[in-house]
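Spelled out from the first residue to the last, the chains are:
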Amino acid sequence: MKIATIIAFLAFAITVFSQDKVQIKDARTLETIPFVKISFDNQASVLADIDGYFTIDLKAVKSIKLKTLGYLDSTISTIDITNNEIFLDAEAMLLDEVKILPGENPAHRIMDQVIANRKKNSPLANNAFEYNSYSKFYFTMDPTALEQIPAETEDSSLIQIRNLFTSQYLFLMESSSTRKFMPPNRDNEVITAYKVSGFKDPMFSTFANEMQSFSFYDNQFELMGKAYINPIALGGTRRYLFLMEDTTVVGLDTTFTISYRPRKGKNFDGLKGQLFINTNGWAIEKVISEPNEPGDAITIRVVQEYQFIDGKKWFPKKLSSEISMPIININSELKNSSIIGKGNTYVDNMVLDPDLRKRDFKSVAIETERNADRKSDNHWDSTRVYNLTDQERKTYQVIDSISKENRLEMRLKLLMALADAKLPLGNVNLDLLRLANYNMYEGFRLGLGLETSEKLMKRATVGGYFAWATSDKDWKYGGFADFKIYPRNDFKLHLKYQQDVEERGGDRFSYLKDGVNINSMLRNLYSLNKDRKRLAEVALSGYVVPTMKLAVFGNYQRLYYTEGYQFARNSVLEPSQVDLSEVGLEFSWHFREKIIQLGNKRISKGSKFPKLKVRATHGIAGVFDSKYDYLRLNAALSQDVSLRGFGNFIWVLSASKTEGSVPLFLLHTGNATGVRWRLTVPNTFETMEPSRFYNDQQVSLFTRVRLLAWKTKKSWFEPQLSVHHAIGFGTMKNQANHPNTVFETMEKGYYEGGIILDNLLVSSFFSIGAGIFSNYGPYSVPKFDKNMTIKFSINFKM
C-alpha cells in the first residue's frame, strides 16, 4: 500500500513539474483575460483562472483552442507559444438588440436552478467559517495610453510620462486580515496589517472591502458602496435577460457560461456580465460583473472566482476589481490617458465549520488591529501571494518621500476635518457651522467658534464661541472642554457653559449626534419661538458596546422667557426667569448596526433594523434656587427598509411626555416645517406652522416611500418620486397655565400627505426637486388650496 502511494505521488509530481503555466492576454492592451475556455487535443476542456492562467504540458500537446466572450475564437499551435503567453484579439460586438426565438430560454432554466439554490450556496448561510486574506490595490495610467507614445518621441512631457508609469504606480496599498463568521449574522474581520504608499492613516486599511460585496449571493450586490439588484435574486429572470454563451464539461460536472443584462424597459440599478454556473449544486463557479450603466466619472468591473471546499460548499477564493476614471486625463494628447485602479483579494486557509463560540465575536464587523501599520517585513513576506516587483517597491519609496516632503498626511487630516465642518488653522480649528446661519426667531446669526486641534492636545478639546443675531439683537456665547477618556469607544468627559437661546418645546438631544446632519440644519430654519438660557453642564458619554451609546449628564440653568410669555401655577403668575436643576441620560441603540473601527475612528455602515434613541430628564426642585420637579421624556424609533427593485420605505415613530407643572419650554412642540422657507425636511410636518401646537404628551408617525429614480438619457435629469404621509396626536392637561400665549393641541389628530419629485436638476454635488403637500382632517380649512404647501427639495451628495 505504501509503495503504491509513493508511486502514485511520484507520478503526480512528475506530471505537475512537467506542466507549463501559460497566461492569456489581450493582444492590444496586454491585460489578462480571465476564464477563457481552453480545449486540448482529445482532452476535456478547462477554464483559465481569474488571472488568465492555465497549466499545460506544451511538449505533449500540439495545439489548443481558446474561446471566450468578446474575443475571436483562436486555435494556436503550442510551438508558437513564447514566454508562456498567448494573445487574443478582441471581437467587435453589437449587443443593442437580441432576438429570442419562440420556446423556453435554456439559460433561464439554468438560472431558475441557481436562484432556487442560492440560499444553500451562499457563503454567509448555513456554515460557520474562518479564513485569512491578502489584498493589494494600485492606481496607474491606462496602459493603452502608453502604447500611443512613439518610441522615438522627443516630447519631454511624453517621455516623462512613459518613464514614470513604466517604473512605478501612482498609488499602492496592501492589507492582510483574518475573518470568522457564524450564521446567521455574527461576523468579525480584523485587519492585521496594512501598508499604504504615502500614508499611515487606517482609513485606507479597509479599501479592499469597499470595492465589492464578498459574495454574489445577496439580493443586492454592492460596488463601491452602491447597491445593485442581483441577477440571481428572486425574480431575476423577470428583470434580467440571460443568454447561454458556452458549455464546458470538466469531469462529471458541467460549467455553463451565461451572459446577463437588464431587460429592455426595466427601471432599476442593474448589472451586466457573465456567470459561470457549475452543475455541482447549481452554484456560481465564477462571475464577471459591472454596472449596466457606467458612470461618467468612475466605472468599475469586478470578477469573483469560487472553489469547492471540503466537498461541501463553493466559496470565494479570489476577488478582483478594476476601476476606471475617465474624468481624469493625465495628458490631453494621449487618448484614454485616464487613471485606472486594479486590485485583488486572495482568500487562504479557509476552514468550514470551525469550533467557534458566540463569545468569540464582537459587535464590530471590521476593525483594524493596533500597530497594524507597523508590521515587520517577515510578516509581509509570509503574507504576500506574490513578492513585490521592482515597480511596486519603487512606488512605496517614491510616494512615501513625496508624502513626507509635501505633508500629505496632514492634508488628509485637513480633508477629514472639513468633512466635520472644521477648518484646521494650526493649533486650532475654526467651526464653520458657527460662522453664519439663519432661523425664524434669530434671523441671521453671525459668529465665530474656535477649538483646539489634535496638533495642540490629542486627548482634550477646549473651545468657545460667540454670536450675534439680527432679529433678537442679542449676544450669545459659550465655552466647552471635552476630555477623551477612552478614545476607541469615544468615552468623553464634557464640561460646558453657555448663554444662548434654545427652541421652546424642542427635543434637546445633545450627545447622540454623529457629524454634520443636513436635515437637522434645515429643521433649525423653522425654529420660531426660543427662550434664553444660561447653562452649566457636566456629562459623560461613550459607546458601552459598538452599537449602543450612552450619555449621563447633570446641569444647572437659568431660563429667561421671551416675547412676553408668562407661566402660571395655581393661578399665580411666575417670574419671567426661573432656575432649573436637571439630571438625565441619553441612549441610542441601532440593532445589528455594522460598525467599522479604524483605530479610534468609528464608522457606521448602517443596519436594516430599527434604531432607537431616548432622552430622559429629571428636574429637581430645591437645588439652590431651582423650583420645578418634573420628568421629561423623548423617544424616537426609526427604520429605513429597502424594497428590492422598488425603492425604500422610511418611517419614524416619535413620542414625548412631560410629567409636572412646567412652562412651555419643557413641554413639546410639533415637529413643524410649514411656511416661510418652503424647503422640504424629511420626518417633519411639512404643512404645520411652527409653534402652532404644544402638548404635554404627543406621538407622531412620519412615513416616506421613495421609488427608484427614473433612468433617463440626461445625466442632469433623474426624477425620483416619493410619497409622504404624517400623523400626530397630542394632549395638554393645564392649558390655562400659559396665559397670553395662543397655541393649539393635537387632540383631534393632525394629518397630512404629499408627493415629492427629487432630482429634477442634478449636479455633481447636489440635486433639486419639488413637492406638494396638503393638510387634511380636523385642522384643515374648508378652502382646499389654503391647505396646500408647495416646497423645494435639496439633496447633497456627501
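Because the structure is a prediction, the values reported are computed rather than measured.

Draft legend 1. Local environment of the packing of aromatic side chains. A full pass over the atoms with the stated rule returns 42 aromatic pairs. On the numbers, 5.3 Å between centres and 45° between planes, the contact of phenylalanine 308 with tryptophan 314 is tilted. Ring geometry for tyrosine 346 versus tyrosine 386: centroids 6.2 Å apart, planes at 80°, classification edge-to-face. Taken as a pair, tyrosine 346 in strand E19 (residues 338-352) and tyrosine 386 in the loop between helix H8 (377-383) and helix H9 (390-406) lie far apart in primary sequence, 40 residues in all. Judged by relative accessible area, tyrosine 386 falls into the partly exposed class, the value being 41%. These aromatic residues form a ring-pair network of at least three members: Phe137, Phe139, Phe171, Phe199, Phe204 and Phe207. Here the basic side chain of arginine 508 rests over the ring of phenylalanine 665, its NZ or CZ set 3.9 Å away from the ring centre.

Draft legend 2. Broad picture of the side chain of aspartate 758. Residue placement: aspartate 758 occurs in strand E42 (residues 750-762). Owing to a relative accessible area of 5%, aspartate 758 belongs among the buried residues under this scheme. In this structure, aspartate 758 is in contact with Arg706, Glu718, Pro719, Gln720, Ser722, Ile768, Gly769, Ser793 and Asn795, ignoring residues within four places of it in sequence.

Draft legend 3. Structural detail: the pairing of strand E5 (residues 63-67). Of the two faces of E5, the one holding Ile64 and Leu66 is buried and the one holding Ser63, Lys65 and Lys67 is not buried anywhere. Bridging between strand E2 (residues 37-39) and E5 involves 3 bridges; their strand directions are antiparallel. Paired with lysine 37 across the two strands is lysine 67, which belongs to E5. As judged from the 4 bridges shared by E5 and strand E6 (residues 74-77), these two strands associate in the antiparallel manner. Following the sheet pairing, serine 63 is matched in E6 by serine 77.

Draft legend 4. Highlighting the sheet that holds strand E3 (residues 46-47). The sheet built from 4 strands is open, its strands ordered E3-E2-E5-E6 with antiparallel pairing. Strands with a single pairing partner mark the edges of an open sheet, and in this sheet they are E3 and E6.

Draft legend 5. Region of interest: the pattern of salt bridges. Scanning the model with the defined rule gives 43 salt bridges in all. Notably, a salt bridge pairs lysine 791 with glutamate 686, separated by 2.6 Å at the nearest N-O pair. You can see lysine 791 sitting in strand E44 (residues 788-796) and its partner glutamate 686 sitting in the loop between strand E38 (668-669) and strand E39 (694-695), a full 105 residues away along the chain. Each member of the pair lysine 791 and glutamate 686 is classed as buried. Glutamate 689 serves as the salt-bridge partner of arginine 692, at 3.2 Å between the closest nitrogen and oxygen. Judged by its relative accessible area of 33%, glutamate 689 is partly exposed.

Draft legend 6. Structural view of the pairing of strand E41 (residues 720-731). Residues Gln720, Ser722, His724, Ala726, Gly728 and Gly730 of E41 are buried on one face, while the alternating residues Leu721, Val723, His725, Ile727, Phe729 and Thr731, pointing to the opposite face, are not. With 10 bridges joining them, strand E40 (residues 697-707) and E41 adopt antiparallel strand pairing. Along E41, the bridge assignment pairs leucine 701 with isoleucine 727. Bridge count for E41 against E42 is 9 bridges, and the pairing is antiparallel. Note that in E42 the partner of glutamine 720 across the bridge is aspartate 758.

Draft legend 7. A look at the packing of H9 against helix H10 (residues 408-419). One can describe the packing of H9 onto H10 by two numbers: an axis separation of 6 Å at closest approach and a directional angle of 65°. By the angle between their directions, the pair H9 and H10 is classed as roughly perpendicular. Contacts from Ile402, Ser403 and Asn406 in H9 reach Leu408, Glu409 and Arg411 in H10.

Draft legend 8. Local environment of the packing of helix H5 (residues 156-167) against H9. Two elements in contact, H5 and H9, have axes whose closest approach is 8 Å; the angle formed by their N-to-C orientations is 105°. Looking at the two axes, H5 sits roughly perpendicular to H9. Contacts from Phe165, Thr166 and Ser167 of H5 reach H9 at Asp390, Gln391 and Lys394. Along the lines of polarity and charge, the residues of the contact of H5 with H9 split into 1 nonpolar, 3 polar and 2 charged.

Draft legend 9. Focus on the side chain of serine 588. Residue placement: serine 588 occurs in strand E32 (residues 577-590). When residues no more than four places from it in sequence are discounted, the contact partners of serine 588 are Leu512, Thr547, Met548, Lys549, Leu612 and Lys613.

Draft legend 10. Representation of the nonpolar core. Judged by nonpolar contacts, the single largest core of 48 residues is most densely connected at Phe216, Leu275 and Ile284. At 5 residues, helix H2 (residues 106-116) tops the list of elements feeding residues into this core. Residues within four places of leucine 275 in sequence aside, it is in contact with Met111, Phe216, Ile232, Phe242, Phe256, Thr257, Ile258, Tyr260, Ile284, Lys286 and Val287. Core analysis: the second largest hydrophobic core is formed by 18 residues, Val36, Phe40, Ala48 and Phe54 among them.

What counts and how
- Residues numbered from 1 in each chain as written.
- Predicted model: local features only at pLDDT ≥ 70, side-chain atom pairs only at ≥ 80, totals over all residues.
- Heavy atoms only, no water.
- Phe/Tyr/Trp six-rings, centres within 6.5 Å; stacked < 30°, edge-to-face > 60°.
- Helix = DSSP H or I, 4+ residues; strand = E, 2+ residues; numbered from the N terminus.
- Buried < 20%, exposed > 50% of the residue type's maximum accessible area, 1.4 Å probe, protein only.
- Lys NZ or Arg CZ within 6 Å of the ring centre and 35° of its normal.
- Contact = heavy atoms within 4.5 Å.
- Pairing = 2+ DSSP bridges.
- Salt bridge = Lys/Arg side-chain N within 4 Å of Asp/Glu carboxyl O.
- Axes fitted to C-alpha atoms, helices over the stretch in contact; angles between N-to-C directions.
- Parallel < 35°, antiparallel > 145°, perpendicular 65-115°, else oblique.
- Nonpolar A, V, L, I, M, F, W, Y, C, P; charged D, E, K, R; others polar.
- Core = buried A, V, L, I, M, F, W, Y, C linked by side-chain atoms within 4.5 Å.

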